[in-house]
Amino acid sequence: MKLVDALKLIQSPAGEGSRNYTAFLACGFTPLHLQTFLAAHLRLRFPEIRVEIRAGLFGDLAGNLERLTPSEVDGVAVVVEWSDLDPRLGIRTLGGWRAADLADITGTAQAAAQRLQSSIEKAAREVTVSVSLPTLPLPPAFTSRPIERALPEAQLYRIVAQFAESLAGMSSIRLLNPQHLAMLSAPAERYDIKSDLMTGFPYTLSHASALAESLSGLIEPRPPMKALITDLDDTLWSGIVGEDGVEGISWDLDRHSQMHGVYQQFLASLAASGTLIGVASKNDGGTVARAFEARKLLLSKDDVFPFEVHWSAKSQSVARILSNWNIGAEAAVFIDDSPAEIAEVQAAHPELTCRLFPKHDPAAIWALLRDLRDLFGKSSLSLEDSLRLSSIRNAGKWRANSGMQESHSDDFLRTAEARILFEYGPGTGDRRAFELVNKTNQFNLNGRRYSESDWRHFFSEASSFLLSATYEDKYGGLGKISAMLGTRYVRSVQVHSWVMSCRAFSRRIEYQCLRYLFDETGVDEITFDFTATARNGPMQDFLKVFTDSLQTPVTLTKDTFCAQAPKLFHQIEVGVHA
Amino acid sequence: MPDRQERLVRCFAVVFPTLTEEEILTATAGSVGIWDSLSTVTLAALIQEEFACEIDPEVLANLDSFASFRDYLLASDSTVR
């Protein structure tokens with residue numbers, strides 16, 4: 001992005017109903033163009049927000065962080081350069097580069113890193129903090145030639161590496177990957193020495209833009225994709241299994257098809273981290289089944305659900321897979337080596353993200369895997385990530401055993417041995433509930449989404465609560481499937497958001513949630529901030545059990561609930577949010 | 001390609017969006033209330049980007065009007081695109 005474009009972008013008016021977003025840029029140098037680019041890149045990512053970037057005092061990064069009141073901002077970006085660890089590592093301070101000075105510099109750098117770590121940790125208790133560690137070259141301060149790394153230089157890199165390792169292990173802290181930045185901004189083209197001397201701003205414009213772009217992606221990341229649908233022939237493996245035979249397909253170095261193995265390995269990694277993997281292939285089902293049985297693929301058949309293997313149009317296969325998963329096309333990626341198949345599927349599912357598998361181009365496959373990691377990447381994995389596939393399979397077993405009925409008989413529900421774990425209280429750190437609220441569409445009170453800062457601000461009120469439900473029955477566990485955000489008053493509760501995974505439908509869990517809420521809070525009345533959306537029909541149907549009018553807010557008294565609710569058979573357990 | 005003065009006016013318009021073109025042509029640090037040192041640095045960065053040139057830091061303090069920027073670019077004619 002050019003500076004002129006950045007300035008124009010931040011001067012353009014935000015849309016109607018736009019919300020404010022305040023970020024704090026903590027750096028030790030003059031923030032100047034980095035501040036401009038950060039505002040512009042945030043605006044580019046979120047056109048609906050009005051961005052304000054606050055900054056602190058020149059030359060006092062640690063002090064700026066220590067003076068910060070995290071609750072006043074929505075996000076924090078910390079940009080550390082060598083001169084923040086010791087001013088003698090910059091050129092605006094002339095403190096000496098003798099051997100004795102260098103030994104002292106490593107000592108002060110260690111102490112400065114610890115001080116910064118402590119202030120970053122403190123801020124991260126209340127707000128998400130994105131951190132960039134030194135991006136500029138060290139000065140020619142060391143006794144060795146530039147081609148050789150001297151001991152004090154190695155010690156400085158160790159200090160930064162330890163600093164990075166400590167930060168990377170903490171929730172609410174996102175560390176900028178220097179490899180990613182290097183792809184956007186060549187290290188040799190980052191430092192503007194004239195600007196550093198003249199204004200105290202050390203970056204070239206191109207580096208400032210690249211760094212701001214990367215930080216904006218860390219500050220408010222988009223939600224990861226949920227699912228991937230892959231082709232088989234010349235995609236998951238090299239060759240056409242129907243023509244070459246089960247033994248004729250390959251993914252190895254000897255047959256120059258190693259990148260298909262790398263792709264399998266990548267998909268297995270996605271599956272293990274909770275991404276749903278489905279197969280859509282025009283093939284003979286028996287042949288494909290034999291291939292998965294007889295050949296040792298890195299992606300096992302247990303990692304995949306469902307398989308759509310037949311000769312029908314792929315768009316139909318994709319529709320069936322999405323229906324099985326019960327997710328929208330906008331949350332899934334389709335991969336095929338045929339441009340014609342991609343076009344056919346994309347025409348039928350415009351919201352689906354489609355990618356061509358470049359079968360004869362290892363570099364392009366490598367780029368595809370990076371692209372996919374960007375689409376599916378998560379800061380951390382939750383228990384639900386490991387349960388997702390089994391949860392969907394268990395939902396299938398439930399449907400099979402209940403005869404696919406929408407509403408089940410008391411007898412069936414009584415024998416299901418259902419258990420619900422309720423967790424009630426402040427839910428700031430509940431990532432799974434945060435994800436649920438931000439991706440569930442059908443059983444959703446009003447479609448409201450929360451940024452990370454919205455979420456934290458909501459729970460900063462003492463009367464705010466999260467009620468979550470984790471479900472299990474004899475067919476298996478579904479994990480945490482419901483999240484309700486509310487405010488407790490003396491005589492009533494106001495529910496601002498409530499979602500439940502569609503996998504949990506037909507088990508009367510939603511009724512049990514309300515019963516538990518009445519019992520836990522002791523109130524006589526619950527009001528719901530209900531809004532009809534294009535996709536929340538299941539929520540509308542549920543509320544209509546209790547009221548004929550869905551005027552906002554919908555109010556439900558305990559008496560009405562007790563009179564209308566069906567029999568409930570769940571065994572209840574109670575816990576607290578982690 | 002628009003002429004040099006027109007491109008310079010555009011750079012000024014981004015930094016001082018409330019000024020008309022006529023006001024920009026006669027703008028000085030004294031006459032434009034919001035023109036501060038940050039504006040000068042931002043203007044210099046924009047002009048360097050737009051004209052693919054480098055402004056001598058020694059000269060920057062003297063660039064305090066539209067006319068002075070225009071004259072500086074004219075004087076640096078051989079290096080300015």
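Everything quoted here is computed from the prediction, not taken from an experiment.

Caption draft 1: Looking closely at the overall build of chain A. Check the secondary structure of chain A and you find 22 helices and 18 strands. Over its C-alpha trace chain A gives a radius of gyration of 27 Å, about what one expects of a compact globule, namely 25 Å for 578 residues. When its C-alpha atoms are laid out on the principal axes, chain A stretches across 85 × 70 × 40 Å. Here the contacts in chain A between residues at least 6 apart in sequence split such that 73% fall between residues at least 24 apart.

Caption draft 2: Structural context of the sheet that holds strand S7 (residues 276-282) of chain A. All names here are of chain A. Strand order in this open sheet of five strands is S8-S7-S6-S9-S10, and the pairing throughout is parallel. Two strands in the sheet have a free side with no partner beyond their single neighbour: strand S8 (304-310) and strand S10 (353-356). Mean inter-strand twist for the sheet, computed between neighbouring axes without regard to direction, equals 20°. Together, strand S6 (227-230), S7, S8 and strand S9 (332-336) form the strand contacts of helix H13 (residues 314-325), whose direction differs from that of S7 by roughly 155°.

Caption draft 3: Representation of the packing of helix H2 (residues 32-45) of chain A against helix H9 (residues 205-219) of chain A within the structure. Residues and elements named next belong to chain A. For the pair H2 and H9, interaxial distance at closest approach is 8 Å and the crossing angle is 45°. One element, H2, and the other, H9, form an angle in the oblique class. The handedness of the crossing between H2 and H9 is right-handed. In this structure, H2 contributes His 33, Leu 34, Phe 37, Leu 38, His 41, Leu 42 and Arg 45 to the contact, and H9 contributes Leu 205, Ala 208, Ser 209, Leu 211, Ala 212, Glu 213, Leu 215, Ser 216 and Ile 219.

Caption draft 4: Looking closely at the interface of chain B and chain A. Listed as interface residues are eight residues of chain B and, on the opposing side, twelve residues of chain A. In terms of residues, the side of chain B that touches chain A owes the most to one element, helix H3 (residues 37-51) of chain B, which gives five residues. Of the residues that constitute the side of chain B that touches chain A, the class distribution is six nonpolar, no polar and two charged.

Caption draft 5: Just the confidence of the model for chain B, in detail. In the predicted model, chain B carries a mean pLDDT of 89, and the fraction of residues at 70 or more is 93%. Model confidence for the complex is summarised by a pTM of 0.76, with the ipTM given as 0.84.

Caption draft 6: Focus on the environment of A:Phe37. Residues and elements named next belong to chain A. Assignment of secondary structure puts Phe 37 in helix H2. On the basis of neighbour counts, which here come to 31 C-beta atoms within 10 Å, the residue Phe 37 falls in the buried class. The spacing of Phe 37 and Glu 213 is 176 residues in sequence and 7.6 Å in space, taken between C-alpha atoms. Discounting chain neighbours no more than four positions away, the residues touching Phe 37 are Met 1, Ala 6, Ala 208, Ser 209 and Ala 212.

Caption draft 7: Representation of the nonpolar core within the structure. Ranked by size, the top nonpolar core spans 81 residues in total, and within it A:Leu228 and A:Ala332 carry the most contacts. No fewer than three residues from each of domain 2 (227-376) and domain 3 (402-575) of chain A sit in this core. Setting aside anything within four residues of it in sequence, one finds A:Ala332 in contact with A:Met225, A:Lys226, A:Ala227, A:Leu228, A:Ile229, A:Leu322, A:Ile327 and A:Leu352. Membership of the second largest hydrophobic core comes to 78 residues, among which are A:Ile10, A:Phe37, A:Leu116 and B:Cys11.

Scoring rules and cut-offs
Residues numbered from 1 in each chain as written. Chains lettered and ligands numbered in written order. Predicted model: local features only at pLDDT ≥ 70, side-chain atom pairs only at ≥ 80, totals over all residues. Helix = DSSP H or I, 4+ residues; strand = E, 2+ residues; numbered from the N terminus. Rg over C-alpha atoms; globule rule 2.2 N^0.38 Å. Contact = placed C-beta atoms within 7 Å. Pairing = 2+ DSSP bridges. Axes fitted to C-alpha atoms, helices over the stretch in contact; angles between N-to-C directions. Parallel < 35°, antiparallel > 145°, perpendicular 65-115°, else oblique. Left-handed = near helix turned anticlockwise from the far one by under 90°. Nonpolar A, V, L, I, M, F, W, Y, C, P; charged D, E, K, R; others polar. pLDDT = per-residue confidence, 0-100. Buried ≥ 20, exposed ≤ 12 C-beta atoms within 10 Å, placed from the backbone. Core = buried A, V, L, I, M, F, W, Y, C linked by C-beta atoms within 7 Å. Domains from an automatic or database assignment.

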